[in-house]
Structure formats: structure tokens, C-alpha cells
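Residue strings, one per chain:
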Amino acid sequence: MQGLQVAPRRAVIIAVSVVALLIVLVHVFSDVPYDVYRNYGTGDPVGAVAPPVQVDNDKPQPGYFKAQPEWDFSVPPSAKGWAGYAKKPRNRDIVVLTASDGGGHNSAIPNVLERVLEDRQAYCDKHGYTNLWLNTSRYDIGEAHRTWSKIPAVAEAFSLNPTAEWVWLIDTDIIIMTPEFSLVDDILAPEAIKKGLMRGTPILDGQLKKNPTHINTPEDFRVEDIDILITQDHQSVNTGSTFFRRTAFTRYLLEIMTDYTMLMGRDHVGAEQDAIKHLMLEHQLVRNHVGIYPQRKFNAYVQGGDNMGYRDGDLAVHFAGCWVGGKCKLWFDEFWEKKGHTDVWRPEGQ
Ligand SMILES: *[C@@H]1O[C@H](CO)[C@@H](O)[C@H](O)[C@H]1NC(C)=O
């Protein structure tokens, strides 16, 4: 009788020990970080080879911009909710988008569109990004100011490049100064976003002293929620250089920004830039998804102190406002000469 009771007890003890040992072994030898499950959704367009982009930059679109098929660009299942994904993109998942018709104040700079497109092609070739120009005159955006047409261009860039994860929208009046700069390592990787975004920073609506908004960027955020990356100058967010991630939130924001009745068809001085600023100031949800990087990360200006003006090693320089003093050509030529420079030209602290 006694023997029969001992046997099952021993079996139970052995079984429990084996299971415990297995748990320990699994933990030690296959410790897959939680992040792997969090960040990699199945069904992402990973591994697919992008087909060549077909776009006729000479012909206007066949009708009103919002009725075009590009607004229905697809979003991977892992990015369909409010919480998207946070994986490190591959270089070929990035589109560098120049949305321009070559006109506007940039026409003061001879052949500016051809020159920057050629330069951006070289930058993209070096890293394996996709260079894309979309002629914004093709969009029928009604009576709205031309600069709004950058937004349909972003939608079209996602639609034309079905495997692209990030679209970098950059104005024509921007020169890439440091061709070695990696968009992935320094801007788009989850680690870069976690480390680089400004936390608890006032979101501006004019100069802070004159018009304090009392609204700050979140102190804490989830990297997988960050779908748009932007910078602020001394007055407001600036859309001259902005990153958009392929998620449901991005699609929704692009559509809302171009709401014709409430935003786009109205007389907003800053056009699409005012739209995103307004939505950020008004909606916590938008603040949770739009990350603000320090300005010089990807939108340094020609003039300004160490937090704003171009310094050696910065990715790009933006000639924002150059037309005010008629300085576009002068500044453009000066920086064009120095692109890729490695000498000490504009060091910090001077
Ligand atoms: C842009 O498209 C318009 C027509 O939609 C065309 O007239 C214009 O020449 C194009 N611009 C460039 C730079 O090709």
C-alpha cells in the first residue's frame, strides 16, 4: 500500500521538475524579446519587390483629386488599428518624394527642379531608397492654394509604391547636404524615434512668448504609434520636410487634412501646414501620432542659432522664406557649392 502511494508522488515531483527545467532552458536559450512579437505583424509587405512606378507627370488627373484611386492606398494588417507597428524599415522601403511643379518662388533658382531631382536620385542610389517626383499641377484641387497639392502627392506616393513603408516629403527648396546620412539609423528606426523625439515640448502657434498654447508633445509615447515625423521652427510645425508612415492613422490624417469644407477650401494662410498644426493643437489623438524631432534633424534653415540654422553634418538645409528678401538664388548657390562638404564650415556654437 505504502509503495503505491510513494510511486505517484515521485512521478509528480519528477514531472514538475522536468517542466520547471524546460521553462528555465527555454528562457535562457530562446529569449526572444517581447518587441519581436510586438513589432512584426504578419502580412506586412515585407520581402515583396516593388514594381516599377508608372506615372505620367505631363497629364492632368482625370478629375477632382479626392475621387482618384490613390486615396485607397492599402495598409498592412499590422497597421490598421490606432496602434501601428514599430519595425526598422529597410532602405528600399523608403520613398523620397519631391511634390512640385517646378513653379512658385523656387523658379528664382535656375533649373531648380532638375538639379535637386538629379541630386536626390544620387542620394537614393547611394542608399537604395526610391526617388519620386510627382508633378503637383496634375491634381485638380479646386480653388485651394497650390501648396495643398503636396498632400494628394503623399497619397499617390504610397499608392504607386505598394511596398513602401515611409514617404519622405521634401520641398524643392531643400538641399541634401550630407549624402552619407542614413534615414533609417538616424530618423526612422524605432530606437531613433524613441531617443530623438522631443517630449513635453510646447507645440507652437506663432511665437511662444506672444501666444503660449499650453499644449505640449507627450512626455511618453509608444514608438509604434508614431506615424508622422515633423519639425518645428520658431513659430510652427513646418511641412517642408516631413515623414509619413504607411498606417491607417496616416491615411486618415491625410484625408482629414484635405477636408475641403472645413480646412482645404478655406483661406488658411499656412495652407496644409496650418491644417496639421490645427489638428495637433486640437486633438490628443493626433499629438500621439505625430512626433516632433529637433528642427535640424531633417529641416535646418539657412539662418538661425544652433537649434535652427544649418550646422556641419546636418542632413539637409531648407531655404524657407528665402523669397522674403529675394535671397533664394544667392543662398541656394552658396549651399549647392558646399553639399557633401567635410571641412569645418558652419560649426556649432558660432
Ligand atoms: C506638370 O503638369 C502640367 C499639366 O498637368 C503640365 O502643363 C506641366 O508642364 C507639368 N510640369 C512639368 C515641370 O513637367
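Look up: the structure comes first, before these words.
Because the structure is a prediction, the values reported are computed rather than measured. (Residues numbered from 1 in each chain as written. Predicted model: local features only at pLDDT ≥ 70, side-chain atom pairs only at ≥ 80, totals over all residues. Heavy atoms only, no water.)

### Digging into the sheet that holds strand S5 (residues 228-232)
Spatially, the 6 strands line up as an open sheet ordered S2-S1-S3-S6-S5-S7, and their pairing is mixed. Edge positions in the sheet fall to strand S2 (130-134) and strand S7 (290-293), since each has one partner strand and no second. Taking the axes of each pair of neighbouring strands and ignoring which way they run, one obtains an average angle of 25° across the sheet. In this sheet, S7 lies alongside S5 in parallel orientation, the contact comprising 4 bridges. Its bridge partner lying in S7, Ile230 is registered against Ile292. Packing against the sheet, helix H3 (residues 112-127) makes contact with strand S1 (94-99), S2 and strand S3 (166-170), and its axis sits at approximately 160° to S2. (Pairing = 2+ DSSP bridges. Helix = DSSP H or I, 4+ residues; strand = E, 2+ residues; numbered from the N terminus. Axes fitted to C-alpha atoms, helices over the stretch in contact; angles between N-to-C directions. Contact = heavy atoms within 4.5 Å.)

### Considering the site of the ligand
Taken together, Asn57, Asp58, Pro60, Asp101, Trp133, Asn135, Ser137 and Arg138 make up the full set of residues near the ligand. Between the ligand and the protein, one listed contact pairs an oxygen atom with a side-chain N or O atom of Asn135 at 2.3 Å. Its free accessible area being 360 Å², the ligand has 57% of it covered by the protein chains. Of the residues assigned to the shell around the ligand, the class counts are 2 nonpolar, 3 polar and 3 charged. (Near = heavy atom within 4 Å. Polar contact = N/O pair within 3.5 Å; in protein donor to acceptor, adjacent residues only side chain to side chain. Areas by Shrake-Rupley, 256 points an atom, 1.4 Å probe, with all protein chains shown as cover. Nonpolar A, V, L, I, M, F, W, Y, C, P; charged D, E, K, R; others polar.)

### Looking at helix H11 (residues 328-338)
By the burial criterion, the buried members of H11 are Cys328, Trp331, Phe332, Phe335, Trp336 and Lys338. The buried residues of H11 occupy an angular sector of 160° when the element is viewed end-on, so they sit on one face. The exposed set on the far side of H11, more than 90 degrees from its buried face, consists of Leu330 and Glu337. Where H11 is buried, its residues contact H3, strand S4 (174-176) and strand S9 (316-318). (Buried < 20%, exposed > 50% of the residue type's maximum accessible area, 1.4 Å probe, protein only. Arc of directions from axis to C-beta.)

### Regarding the nonpolar core
One finds Leu97, Trp148, Leu253, Ile276 and Met280 to be the most contacted residues of the largest nonpolar core, which totals 45 residues. No other element matches helix H4 (residues 150-160), which puts 7 residues into this core. Not counting the four nearest positions on each side in its chain, Leu253 is found in contact with Ile228, Ile276, Leu279 and Val286. Judged by nonpolar contacts, the second largest core, of 29 residues, contains Tyr129, Ile176, Leu197 and Phe298. (Core = buried A, V, L, I, M, F, W, Y, C linked by side-chain atoms within 4.5 Å.)

### Quick word on the packing of H3 against H11
The interhelical angle for the contact between H3 and H11, taken along N-to-C directions, is 25°, at an axis separation of 13 Å. On the basis of their axis angle, the class for H3 and H11 is roughly parallel. In the packing of H3 onto H11, the handedness of the crossing is left-handed. Residues Val112, Arg115, Val116 and Asp119 of H3 pack against Phe332, Asp333 and Trp336 of H11. (Parallel < 35°, antiparallel > 145°, perpendicular 65-115°, else oblique. Left-handed = near helix turned anticlockwise from the far one by under 90°.)

### Side note on the sheet that holds S9
Taking strand neighbours across the sheet as the criterion, the 3 strands line up as S4-S9-S8 in an open arrangement whose pairing is mixed. At either end of the open sheet lies a strand with only one pairing partner, and these are S4 and strand S8 (300-301). Judged from the 2 bridges that link them, S8 and S9 form a sheet pairing that is parallel. Within S9, the residue paired with Ala300 across the bridge is Val317.

### Here's the deal with the packing of aromatic side chains
Under the criterion given, the structure shown has 16 aromatic pairs. Here Tyr310 and Trp345 contribute two aromatic rings whose centre-to-centre distance is 6.0 Å and whose plane-to-plane angle is 55°, an arrangement assigned as tilted. Placement of the pair is Tyr310 in the loop between S8 and S9 and Trp345 in the segment after H11, with a sequence separation of 35 residues. Take Tyr310: its relative accessible area is 0%, and that puts it in the buried class. Centre to centre, the rings of Phe319 and Phe332 are 5.6 Å apart; their planes meet at 50°, and the pair counts as tilted. Separated by 13 residues along the polypeptide, Phe319 in the loop between S9 and H11 and Phe332 in helix H11 bring together distant segments of the chain. In terms of burial, Phe319 and Phe332 fall into one category: buried. (Phe/Tyr/Trp six-rings, centres within 6.5 Å; stacked < 30°, edge-to-face > 60°.)

### Regarding the pattern of salt bridges
If charged atoms from side chains of opposite charge come close, those side chains can pair. Enumeration over the complete set of coordinates arrives at 24 salt bridges. A salt bridge links Asp171 to Lys150, with the shortest nitrogen-to-oxygen separation between them at 3.0 Å. Residue Asp171 is found in the loop between S3 and S4, and its partner Lys150 is found in helix H4; the two are separated by 21 residues along the sequence. A relative accessible area of 8% places Lys150 in the buried class. Residue Lys277 is joined to Asp274 by a salt bridge in which the shortest nitrogen-to-oxygen separation is 3.7 Å. Separated by 3 residues within a single helix, Lys277 and Asp274 lie in helix H9 (residues 271-282), roughly one turn from each other. Here the two residues Lys277 and Asp274 agree in accessibility, since each one is buried. Taken together, the shared-partner salt bridges in this structure form one network comprising Asp72, Arg251 and Glu255. (Salt bridge = Lys/Arg side-chain N within 4 Å of Asp/Glu carboxyl O.)

Structural measurements only, silent on function.
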